[in-house]
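Summary of the model geometry
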Amino acid sequence: MMFVVGLTGGIGSGKTTVANLFAELGVKLVDADVVSRQVVAPGTKGLSALVEHFGRDLLNAEGQLDRAALRAHIFNDEKAWQWVNALLHPLIRSEMQKQLQAASSTYVVWVVPLLIENGLFEDCDRVLVVDAHEHQQRSRVLARDSKADADAIMARQLSRHERLKYADHIVDNSGDLDDLKAQVQLLHHLYLSEAQQKRL
Ligand code: ADP
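Attention in this report is confined to the structure presented alongside it. Fair warning: this is a prediction, and the values are worked out from it, not measured in the lab. (Residues numbered from 1 in each chain as written. Predicted model: local features only at pLDDT ≥ 70, side-chain atom pairs only at ≥ 80, totals over all residues. Heavy atoms only, no water.)

The next point concerns the sheet that holds strand E3 (residues 107-111). The strands making up a sheet are joined through hydrogen bonds of the backbone, oriented either antiparallel or parallel. An order of E2-E3-E1-E4-E5 is seen for the five strands of this open sheet, with the pairing classed as parallel. Two strands close off the open sheet at either side, each with one partner strand: strand E2 (28-31) and strand E5 (169-172). Looking at each pair of strands side by side, their axes are set apart by 25 degrees on average, direction ignored. With four bridges connecting them, strand E1 (residues 3-8) and strand E4 (residues 126-131) associate as parallel partners. Across the sheet, glycine 6 pairs through a bridge with valine 127, a residue of E4. Of the strands in this sheet, E1, E2 and E3 touch helix H5 (residues 78-102), which is tilted by about 155 degrees from E3. Sitting on the sheet, helix H9 (residues 177-199) touches E1, E3, E4 and E5, and the angle it makes with E5 is about 160 degrees. (Pairing = 2+ DSSP bridges. Helix = DSSP H or I, 4+ residues; strand = E, 2+ residues; numbered from the N terminus. Axes fitted to C-alpha atoms, helices over the stretch in contact; angles between N-to-C directions. Contact = heavy atoms within 4.5 Å.)

What follows is about unusual backbone geometry. Unlike most non-glycine residues, asparagine 76 shows phi in positive territory, near 60 degrees. As for its placement among the helices and strands, asparagine 76 is situated in the loop between helix H4 (67-74) and H5.

Of note, valine 184 is situated in helix H9. Not counting residues within four places of it along the chain, the set of residues in contact with valine 184 comprises Val18, Leu21, Phe22 and Leu25.

What surrounds the ligand is a group of 13 residues, the closest being Lys15, Thr16, Thr17, Arg144 and Asn173. One nitrogen or oxygen atom from the main chain of glycine 12 is found 2.8 Å from an oxygen atom belonging to the ligand. Take glycine 175: an N or O atom from its main chain is 3.0 Å from a nitrogen atom of the ligand. For the ligand, whose unbound accessible area comes to 560 Å², protein coverage reaches 74%. In terms of residue count, the dominant contributor to the shell around the ligand is helix H1 (residues 15-24) (three residues). (Near = heavy atom within 4 Å. Polar contact = N/O pair within 3.5 Å; in protein donor to acceptor, adjacent residues only side chain to side chain. Areas by Shrake-Rupley, 256 points an atom, 1.4 Å probe, with all protein chains shown as cover.)

Spelled out as structure tokens, the structure:
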């Protein structure tokens, strides 16, 4: 079994930045956001099931899922929303498991914004939480996208305090990128040795 490090944190905490630092060290990533798009890519079971249910107006001119059209169908329609979740969640979960087990590095980093909220921490050997002050999260999100509503998203996520209770390790992203890199280096060596232990 692959040694899986679940990487999570609130919006703007620095998950993507930390994940990319692991990738630079040769660690394979499985990203929940990427997988959730892969399972509805053209030619997938996921996309054909959506089109069969809601109709061809879900597709744009390139034959890809038009996410705004899907949102319009499920907006204010609890039954439709549940139907879509019941379709996509198992597809996303099994595709993530497939990618985790197929990863070609000594261990794999699994990036999931809602790792704890969705109970996926249970499938991890270690949970790594990226932590920053709320005011840093807010200002970094706004710097990335001036229209983003960081507060609304943060309100739907676990609080910092609750999330940290699940952490085996914490990356403190209140400093600069060099500081972040140094923490990732240390964790990388720890995870390499823990992953080798697991194989024995
Ligand atoms: P998340 O994936 O958790 O939403 P990101 O890694 O995308 O967060 O980081 C949010 C934004 O803040 C990005 O634009 C990123 O480049 C920037 N950022 C992340 N960490 C730092 C840091 N230590 N110092 C300055 N900017 C940072």
